[in-house]
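So the chains spell out like this:
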Amino acid sequence: MCKLRDTVRGAQTILYLFGFAATTTWSDPGESTTRPAGQVAAATSTAIEGQDFTVPGVGMAFVWIDALKSWVGKYEVTNGEYRRFNADHRSRPYEERLLDGDRQPVVYVTHVNAIAFADWMTAQAKAAGGLPEGAMFRLLTGDEWTAIAACGDERKYPWGNEWPPTFGNYDTDTEFDNYTIEGYTDNSVVSCNVEDSGRNPWGLFGVGGNALEWTTEKNEHEIVVRGGSWYHFNRYTLECTFRSSYHPEIRFESLGMRLILAR
Ligand SMILES: [Ca+2]
Ligand SMILES: [Ca+2]
């Protein structure tokens, strides 16, 4: 069953697809003289297996996930992080609710944008001190995404097998419609700051809620996105295995990304 505003969103998405061409402004935070000093101090220069890693210059946090032998973004990519790559990016308001805060997940990004951002991250990290041989930032595969949602077991939902949720930012309010999740509230009407999006047992936030996440997986001519979001309330859309797919140049208010650093 779809919500009425799912249909409305589809119409909006087409407008965004044809009304706003993707624009990319290349910048180089690694060379910036206005970079906040704290972000440099927090960063390590090289990713070391078995240890969490903060990307130099950009300041993005990654968690070592032993099951994947890779580092996975602790949070969804934020507006602030994405604007290091494209200073002009704006995650437009939804029904006058702001989505553009520096620590809210970046949305209104196409799959093409997401890949370009990952490539830029790889170049930044290499220039700032080197990555492990052959390592690069990219979107997660479907299997990798399922692994970080289920945290090594076969749980039905990111929080476990029981209903309702115990963490995560989903649609629990009635501001835009009459749908809620009985027995659960998260106090966020739209996307929340990534730190507030719910931590899973592997130490990753917002897996399954807050923003949908682009992956590398294809579904014919579309790209698979994973998880639910602040827009979702239906049980099946909150399951670890839930998939939807979109044209790679589409963008809308609840679709963002998470990166993995892998060989
Ligand atoms: Ca919510
Ligand atoms: Ca998410």
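Whatever comes next refers back to the structure up there.
Let me begin by describing the structure that accompanies this report. (Residues numbered from 1 in each chain as written. Chains lettered and ligands numbered in written order. Predicted model: local features only at pLDDT ≥ 70, side-chain atom pairs only at ≥ 80, totals over all residues.)

## Side note on the overall build of the protein chain
Alright, step 1. In terms of helices and strands, the protein chain carries five helices and nine strands.
Alright, step 2. Starting at the N terminus, the α and β elements of the protein chain follow one another as α-α-β-β-β-α-α-β-α-β-β-β-β-β.
Alright, step 3. Within the span of the protein chain, comprising 263 residues, buried residues form 41% of the whole.
Alright, step 4. Counted over contacts in the protein chain with a minimum sequence separation of 6, partners at least 24 positions apart contribute 63%. (Helix = DSSP H or I, 4+ residues; strand = E, 2+ residues; numbered from the N terminus. Buried ≥ 20, exposed ≤ 12 C-beta atoms within 10 Å, placed from the backbone. Contact = placed C-beta atoms within 7 Å.)

## Here's the deal with the sheet that holds strand β9 (residues 259-262)
Alright, step 1. Pairing is antiparallel in the open sheet, where five strands are placed in the order β1-β2-β3-β9-β4. For this open sheet the edge positions go to β1 (53-54) and β4 (136-139), each flanked by a neighbour on one side alone.
Alright, step 2. Sheet topology places strand β3 (residues 70-73) next to β9; two bridges connect them, and they run antiparallel. In the strand pairing of β9, Val 72 is matched with Ile 260.
Alright, step 3. Of the strands in this sheet, β4 and β9 touch helix α4 (residues 111-127), which is tilted by about 165° from β4. (Pairing = 2+ DSSP bridges. Axes fitted to C-alpha atoms, helices over the stretch in contact; angles between N-to-C directions.)

## What about unusual backbone geometry?
Alright, step 1. Along the chain, Trp 163 connects to Pro 164 via a cis peptide bond; the corresponding omega equals 10°.
Alright, step 2. Relative to the helices and strands, Pro 164 is located in the loop between α5 (142-150) and β5 (212-219).
Alright, step 3. In this model, Glu 95 sits at a positive phi of 50°, which is unusual for a non-glycine residue.
Alright, step 4. Examined against the element boundaries, Glu 95 turns out to sit in the loop between α3 (79-85) and α4.
Alright, step 5. Given 10 C-beta atoms within 10 Å, Glu 95 falls into the exposed group.
Alright, step 6. One non-glycine residue, Asn 210, lies in positive phi territory at about 65°.
Alright, step 7. Here Asn 210 shows up in the loop between α5 and β5.
Alright, step 8. Judged by the 33 C-beta atoms lying within 10 Å of it, Asn 210 falls in the buried class.

## Description of α5
Count 3.6 residues to each turn of an α-helix, and residues three or four apart come out pointing the same way.
Alright, step 1. Buried residues of α5: Glu 144, Trp 145, Ile 148, Ala 149 and Ala 150, and no others.
Alright, step 2. Tucked into the core, α5 has its buried residues touching β2 (61-65), β3, β5, β6 (222-226) and β9.
Alright, step 3. Of the residues one or two after α5, Cys 151 is the one with positive phi, at around 55°.

## Re the sheet that holds β6
Alright, step 1. Spatial strand order, β7-β6-β5-β8: four strands in an open sheet with mixed pairing. Two strands in the sheet have a free side with no partner beyond their single neighbour: β7 (243-246) and β8 (255-256).
Alright, step 2. Pairing geometry for β5 and β8, over two bridges, is parallel. Within the sheet, the bridge partner assigned to Glu 213 lies in β8 and is Gly 256.
Alright, step 3. Helix-sheet contacts for α5 involve β5 and β6, and the interaxial angle to β5 is about 140°.

Taken by themselves, the reported measurements are silent on function.
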